[in-house]
Amino acid sequence: MSLTEDERWMKEAIRQAKHAESLGEVPIGAVIVRGEEIVGAGYNLRERDRDPTAHAEMIAIRQASEQLQAWRLLDCTLYVTLEPCPMCAGAILQSRIERVVYGTTDPKAGCVGTLMDLLQDSRFNHASAWTAGVLQAECSSLLTDFFRRLRSR
């Protein structure tokens, strides 16, 4: 069975999430793709950096902006294993990312369809399309397995 384009790139985000997990961080990963190239990648580093803004999406956005030498990430798609929070959704809008694809919902902080939909709120001057549930089972199990192991310690 061949992977769809979204599944192919989500696999890359999952690889990033596994880097976070290897550091003892919550396993969340993201990649930003333009054309056929990853222009930004990141994984959760909040604990290591003691930084509440060190989310996978924020790191990937900074890296993509640096690589593209632009704050407008036009024609880019962000793939992330967990639904973006309000901070990350705001950064997605500010950076003009065209589309977001995420793996699993975040019932506590998800702002791309779960608690609200910041990316499609008509009061903002920009909107981003989004797709949810790509490789959902794999993305979800990364998180549930991580927290299960943490609780058993």
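- An unreviewed UniProt entry lists the protein under the name tRNA-specific adenosine deaminase, with Cohnella phaseoli given as the organism.
- In its Sequence similarities (unreviewed entry) section, the UniProt record describing the protein reads: "Belongs to the cytidine and deoxycytidylate deaminase family. ADAT2 subfamily."

Structural notes on helix 4 (residues 86-94)
Then, in step 1: When we look at burial in helix 4, the residues that qualify are Cys-88, Ala-89, Ala-91, Ile-92 and Leu-93.
Then, in step 2: In the core, the buried residues of helix 4 are packed alongside helix 3 (56-68), strand 3 (76-82) and strand 4 (99-104).
Then, in step 3: Just downstream of helix 4, Arg-96 is the residue with a positive phi angle, here 65 degrees.

Here we look at the sheet that holds strand 1 (residues 29-34)
Then, in step 1: With mixed pairing, 5 strands are arranged side by side in an open sheet as 2-1-3-4-5. Looking at the sheet topology across the chains shown, the edges are occupied by strand 2 (37-43) and strand 5 (129-132). Between one strand axis and the next, the sheet turns by 15 degrees as a mean value, whatever way the strands run.
Then, in step 2: Pairing of strand 4 with strand 5 involves 4 bridges; the strand directions are parallel. Note on strand 5: the bridge partner recorded for Val-101 is Thr-131.
Then, in step 3: Lying over the sheet, helix 5 (residues 136-152) contacts strand 3 and strand 4, oriented at roughly 60 degrees with respect to strand 4.

Considerations on the environment of Asp-145
Then, in step 1: Within the secondary structure, Asp-145 sits in helix 5.
Then, in step 2: Put simply, Asp-145 and Pro-27 are 118 residues apart on the chain and 9.8 Å apart in space, counted from C-alpha to C-alpha.

Description of the nonpolar core
Then, in step 1: Residues Ile-32, Leu-73 and Leu-78 are the most contacted members of the largest nonpolar core, which totals 31 residues.
Then, in step 2: Elements represented by at least two residues in this core include exactly strand 1, helix 3, strand 3, helix 4, strand 4 and helix 5.
Then, in step 3: Excluding residues that lie within four positions of it along the chain, Ile-32 makes contacts with Glu-37, Ile-38, Val-39, Gly-40, Ala-60, Ile-61, Ala-64, Leu-73, Cys-76, Thr-77, Leu-78 and Ile-97.
Then, in step 4: One finds Ile-14, Val-31, Val-33 and Ala-41 within the second-largest nonpolar core, a separate group that totals 14 residues.

Definitions and limits used
Residues numbered from 1 in each chain as written. Predicted model: local features only at pLDDT ≥ 70, side-chain atom pairs only at ≥ 80, totals over all residues. Heavy atoms only, no water. UniProt positions renumbered as here; feature names shortened; annotations may be inferred. Buried < 20%, exposed > 50% of the residue type's maximum accessible area, 1.4 Å probe, protein only. Helix = DSSP H or I, 4+ residues; strand = E, 2+ residues; numbered from the N terminus. Contact = heavy atoms within 4.5 Å. Pairing = 2+ DSSP bridges. Axes fitted to C-alpha atoms, helices over the stretch in contact; angles between N-to-C directions. Core = buried A, V, L, I, M, F, W, Y, C linked by side-chain atoms within 4.5 Å.

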